[in-house]
Amino acid sequence: MIAYILRRALYALPILLGVNVITFVLFFMVNTPDDMARMNLGVKHVTQEAIDKWKAERGYDKPLLYNAARQGARKLTDTIFFDKSVGMFAFDFGRADDGRDIAREIRHRMGPSLAIALPVFAVGLAVNITFALVMVFFRASYLDFVGVVLCVAMMSISGLFYIIAGQYLVSKLWHLVPISGFADGLDAFKFLVLPVAIGVVSGIGAGARWYRTLFLEEMSRDYVRTARAKGLSEAAVLFRHVLQNALIPILTGAVVVIPLLFMGSLITESFFGIPGLGSYTIDAINAQDFAVVRAMVFLGSFLYIVGLVLTDISYTLVDPRIRLE
Amino acid sequence: MIQPVILWTDALIFLLLAATVAFFLYARRQPHLRDPLRRVARSRVGMASMVVLAAYVAIGLLDSLHFRPALPGKPGAGVQYAVETLSVLDWLAAPLREQVEKTYSAPLATHAYAKEVVELPGGGEARDFPRLKYGGAQLADPAADKWPDITTRAFKAEAMALAGWFLAAVGLCAWLAQRGGEGLSAAWRDVWRGKTPIPWRTGLLTWGALLLLAFPAVALSTHYHILGTDKVGQDVFFQTLKSVRTGLVIGTLTTLVMLPFAVLLGIMAGYFRGWVDDVIQYLYTTLNSIPGVLLIAAAVLMMQVWMESNPDLFDTVAARADARLFFLCAILGVTSWTGLCRLLRGETLKLRELDYIQAAQAFGVSHGRIILRHILPNLMHIVLITVVMDFSGLVLAEAVLSYVGVGVDPTMQSWGNMINSARLEMAREPMVWWTLAAAFLFMFVLVLFANLFADTVRDAFDPRARR
């Protein structure tokens, strides 16, 4: 197991390197360090000395990817790309354009992001599975049909609609919770209820339908017939046998998203003014702050790879037939 | 006296249209594609959604024929063309486009949304809701005449819609009668009792519902703003119609852009295996591991910088907005091809071990030929299912991306831009709800029927779903 995880970690390195190269090339394809200096210094007539000074201060006074003036391995290491990427791999993200430490910001903002993403994930999973079970229990009846139609309709509604309608109804008309904002500690509850509820509701359509097909597939297995043949009630078959067996694909499918919960939700957070990583990213995008966008891309890719490894491990935990070599 | 303009996305749309037609012609001769297609046509849900989608596509196509009208100039001098690029839809809906009010007005309103200082007929001034310049301008006494006027206009339009629908129904039955070699009344009875293999009754009913909605909308829109006006006084109904094209372009061109990569790389990875497979797998794992929105955001940011530093590349605003739309499709394609690529790789891995491929290899058929003749046709159903399934998600994604600020150009009409601009007006009292409602409604209908259609296609083409 440990050997497997080590191997996967080594395999992740080239992927993260590739991610870095892609974002780096994307950025510097259109932007030279001189442009960056000019944009940040913000003055119309910037002298070349000022630009050089800015570049030297931030380590942008080197070639981008290949330094022909150096010897041997230094040809590759004495470059902007190497300098900036090595820091990334050590989770040293450097500073944003406004001079703040990105790593510190990320640590601070993870909490609020998780405070929304985790309940949405957990409650959403429970609600979706419940709805799917009800539909499967009454399968091929009008209830099932209405449920499926409702699911398709719900997944056809834009996520923005749920947010806007929810804010309008709950906050503006009924004055139940504040429209947006955030507070630390227990006070956060009243700010979190609405975004979490909206997150859950907007996911029901696609989620419940997906689990329904999953359960239906499981219903056609042999063990279900056996269970019925020995005289179990339909409820016992569904809840004791089908649910337990369907939990394997459900759990392993859910594990891959868990690490990504740290990244928060871009849209929800910025609509509700929650100071999480999602709204941080949106602000960075709008401010064209490349250092932050790059750090978030790296973090996202890293968490995705962690999710993949966790998925593999969870397979072995829930299904003894699978062994990691 | 017009100068046709072909924007990048226009060219691709018509390429896509040609490709679709070519696919149908090809599929008609292939039993393994023809039968599922027939199943789609014979499903009632499929029929209804096809009619609705066809209406959307028709609007989108009308909006994709661009031209620059000639300016009235001196005779003898060379013809001058307007800077503005128009589409056929703009031209058809000229009253809608040109009847611009000052600012907000509610749907079907005759008076503006906000009070202003108006001159009273007898001299003097007062603060009141001013009359709109165009909305209900033909009415002498709006308070008394408005609703009777609207009802008569709507009623006339409904009558015309019914007549039009009846003609279409009779035409269809005549065609069916001629094809089936039976009488017109027999064909009519079959259609009406739902006895035809293709559910024409469902199609006709959907078509009738569309006509009943469209005719009054068009009839009323020349004298009223049926969905109100936005902040700068533009007709919201016109904006939603214009947004149809943007939504369709995002939903379809994205897949068109990604398809060649996904198909080629997926087949290569599965067929050649070895290091080719390793490289391609590395490529898509890397792309897949970047959070989609972030990659799109980073790419769009970069493109904005590039466009700002090269403003002379685009001669009109429309060309600029179009280039951005095309780029957005391309980058969405880059982020979304990985799923299809992985599916195709897996399927090719399975196919290449089958006997007929082994036989072809033993006969010394070249790799290129095996892929083209034996593997590609057997992957078509996966490609088709993916294309239709992705469509609705992409339409919804456009709204979200425009909200984040990395969507289509702000000058381009799109549902995302409409929602984004109307979102801030929620705090007004009374609330400005019509822009949001119009955008969400049109988007919802398109996505709903696209989803239903996608389900039908998947059920028909997926061999596992066959019972």
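Computed from a prediction, not measured in an experiment: that's the story for all the values here. (Residues numbered from 1 in each chain as written. Chains lettered and ligands numbered in written order. Predicted model: local features only at pLDDT ≥ 70, side-chain atom pairs only at ≥ 80, totals over all residues. Heavy atoms only, no water.)

Attention shifts here to the domain arrangement of chain B. Residues and elements named next belong to chain B. What the domain assignment lists for chain B is domain 1 (2–65 + 235–466) and domain 2 (139–222). Listed per partner, the contact involves 10 residues of domain 1 and 11 residues of domain 2. Buried surface at the junction of domain 1 and domain 2, summed over both partners, amounts to about 900 Å²; 82% is from carbon and sulfur atoms. Considering only the side of domain 1, the residues that lose the most area to domain 2 are Arg-42, Met-47 and Val-51, jointly responsible for 47% of the buried surface there. On inspection of domain 1 and its partner domain 2, the count reaches 0 salt bridges. (Domains from an automatic or database assignment. Contact = heavy atoms within 4.5 Å. Buried area = accessible area lost by both parts, 1.4 Å probe. Salt bridge = Lys/Arg side-chain N within 4 Å of Asp/Glu carboxyl O.)

Moving on: the nonpolar core. Counting 173 residues, the largest nonpolar core has Phe-93 of chain A together with Leu-328, Trp-415, Ile-419 and Met-443 of chain B as the members making the most contacts within it. If one sorts the elements of this core by residue count, helix H16 (residues 434–461) of chain B sits on top with 17 residues. Apart from the residues lying within four places of it in its own chain, the contact partners of Leu-328 of chain B are Ile-250, Ile-296, Val-300, Leu-401, Val-406, Gly-407 and Val-408 of chain B. One finds Leu-125, Tyr-211, Val-242 and Leu-243 of chain A within the second-largest nonpolar core, a separate group that totals 17 residues. (Core = buried A, V, L, I, M, F, W, Y, C linked by side-chain atoms within 4.5 Å. Buried < 20%, exposed > 50% of the residue type's maximum accessible area, 1.4 Å probe, protein only. Helix = DSSP H or I, 4+ residues; strand = E, 2+ residues; numbered from the N terminus.)

A few words on the pattern of salt bridges. When the charged atoms of two side chains with opposite charge come close together, those side chains can pair. In total, this model carries 20 salt bridges over all chains according to the counting rule given. A salt bridge links Glu-353 of chain B to Arg-352 of chain B, with the shortest nitrogen-to-oxygen separation between them at 3.3 Å. The network of salt bridges with common partners includes Arg-209 of chain A together with Asp-455, Arg-458 and Asp-459 of chain B.

A separate point is the environment of Val-300 of chain B. All names here are of chain B. When you line up the elements, Val-300 lands in helix H11 (residues 292–309). Its relative accessible area of 2% is what places Val-300 among the buried residues. C-alpha separation for the pair Val-300 and Val-406, spaced 106 residues apart in sequence, amounts to 6.0 Å. Contact partners of Val-300, with chain neighbours within four places excluded, come to Arg-324, Phe-327, Leu-328 and Val-406.

Attention shifts here to unusual backbone geometry. The residue Ala-140 of chain A is not glycine, and still its phi comes out positive at about 60°. Locating Ala-140 of chain A in the fold gives a position in the loop between helix H6 (102–137) and helix H7 (142–155). At Leu-108 of chain B, a residue that is not glycine, the phi angle is positive and equals roughly 60°. Structurally, Leu-108 of chain B can be placed in the loop between helix H5 (94–98) and strand S4 (116–119). The exposure class assigned to Leu-108 of chain B is buried, which follows from its relative accessible area of 17%.

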